[in-house]
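Next come the chains, spelled out residue by residue.
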Amino acid sequence: MDEKTIIAKRVAQELKNGNLVNLGIGLPTLVTKYLPDGVQVFFQSENGVIGMQPLPEPGVAADALTDAGGTPTSIIPGAGAFDSVTSFCLIRGGHLDVTVLGGLQVDEAGQLANWMVPGKMVPGMGGAMDLVSGAKRVIVAMTHTAKGAPKILKKCDLPLTSVRRVDLIVTELAVIQPTDEGLVLLEVADGVTVEEVVAATEARLIVPATVPTMQLAA
């Protein structure tokens, strides 16, 4: 199982029946493929859709129907489409149950940097600032390192997306929960040791006496 699949499958377990969920561009969009049996959630996109779902098969994409990143998508029966003003009223008004976002860095305070690298061209922050500030629960879905360098740091050195603390970090190595006391290691991936997670993390981790292994559906 590749690292992106591990992350998406584990994040999908956090979604509950009836949740209104926004998925960020890239890795988070894979979550739609791995919802547990019997769980129906409503995926929202900030460009103005509630009721997105993965394309059922190749070749059925419609150019006029995309997610916020411009990727072709499809919708469930009864889905709704509306303007971006309404969409951001939902986000800023605190109506989203969960947002799942990618990350460049997260620090010991649970603060996320995910929208730009200084010196590189960037189209803009998009909805990231609003999503992190407005959603009831924020899950960061990202790889644990980038080119061997830790992405979970003592302090972010990239521009922050929001000062709000995120609620959960899911990587291919571990599940980590930011708290008032610091970052708590909740789970490790199958075949990964606590020591390996600590070594791949710059930030200090609070390690309970027992750390269970991630349980992923086949």
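Refer to the preceding data block for the structure.
Note that the structure is a prediction, hence the values are computed from the model and not measured.

Bringing the pattern of salt bridges into the picture now. Pairing between side chains of opposite charge can happen when the charged atoms of each approach one another. Throughout the structure, instances matching the rule amount to eight salt bridges. One salt bridge in this structure joins Arg 137 and Glu 14, with 2.8 Å as the shortest N-O distance. Of this pair, Arg 137 sits in strand β8 (residues 137-141) while Glu 14 is found in the loop between α1 (3-12) and β1 (20-23), placing the two residues 123 residues apart along the sequence. The partly exposed category is assigned to Arg 137, whose relative accessible area is 26%. Salt bridges sharing common partners tie together Arg 10, Glu 14, Arg 137 and Glu 187.

One non-glycine residue, Lys 147, adopts positive backbone phi at about 55°. Tracing the backbone through its elements, the reader meets Lys 147 in the loop between β9 (145-146) and β10 (149-150).

This part covers helix α2 (residues 84-92). Of the positions making up α2, those classed as buried are Ser 87, Phe 88, Leu 90 and Ile 91. Take α2 and look down its axis: the buried residues cluster within an arc of 150°, on one side only. Facing away from the buried side of α2 by over 90 degrees, the exposed positions are Val 85 and Arg 92. Its buried side turned inward, α2 meets β2 (42-45), β3 (49-53) and α3 (128-134). Once α2 ends, the next one or two residues include Gly 94, with phi positive near 80°.

The strands that make up a sheet pair up through hydrogen bonds in the backbone, lying either parallel or antiparallel. Ordered by their spatial adjacency, three strands build an open sheet running β7-β6-β11, and the pairing between neighbours is mixed. This sheet does not close on itself; its edge strands, each paired only once, are β7 (112-113) and β11 (152-153). Note that strand β6 (residues 105-107) and β11 share two bridges and pair parallel. Within β11, the residue paired with Asp 107 across the bridge is Leu 153.

The next thing to look at is α1. Taking burial as the measure, the ten residues of α1 include eight buried ones, the bulk of the element. As for α1, its buried residues are in contact with β5 (98-101), β8, β12 (168-170), β13 (174-179) and β14 (182-188). Of the residues that open α1, the one with a side-chain oxygen 3.0 Å from the backbone nitrogen of Lys 4 is Asp 2.

Generally speaking, a soluble globular protein has its nonpolar side chains buried in company with each other. Counting 51 residues, the largest nonpolar core has Val 11, Ile 169, Ile 176 and Val 197 as its most contacted members. It is α1 that contributes the most residues to this core, five residues altogether. In this structure, Ile 169 is in contact with Val 106, Val 140, Met 142, Ile 152, Ala 174, Val 175, Ile 176, Pro 178 and Leu 183, ignoring residues within four places of it in sequence.

The rules behind each value
- Residues numbered from 1 in each chain as written.
- Predicted model: local features only at pLDDT ≥ 70, side-chain atom pairs only at ≥ 80, totals over all residues.
- Heavy atoms only, no water.
- Salt bridge = Lys/Arg side-chain N within 4 Å of Asp/Glu carboxyl O.
- Helix = DSSP H or I, 4+ residues; strand = E, 2+ residues; numbered from the N terminus.
- Buried < 20%, exposed > 50% of the residue type's maximum accessible area, 1.4 Å probe, protein only.
- Arc of directions from axis to C-beta.
- Contact = heavy atoms within 4.5 Å.
- Pairing = 2+ DSSP bridges.
- Polar contact = N/O pair within 3.5 Å; in protein donor to acceptor, adjacent residues only side chain to side chain.
- Core = buried A, V, L, I, M, F, W, Y, C linked by side-chain atoms within 4.5 Å.

Function-wise, these values are silent; they only describe arrangement.
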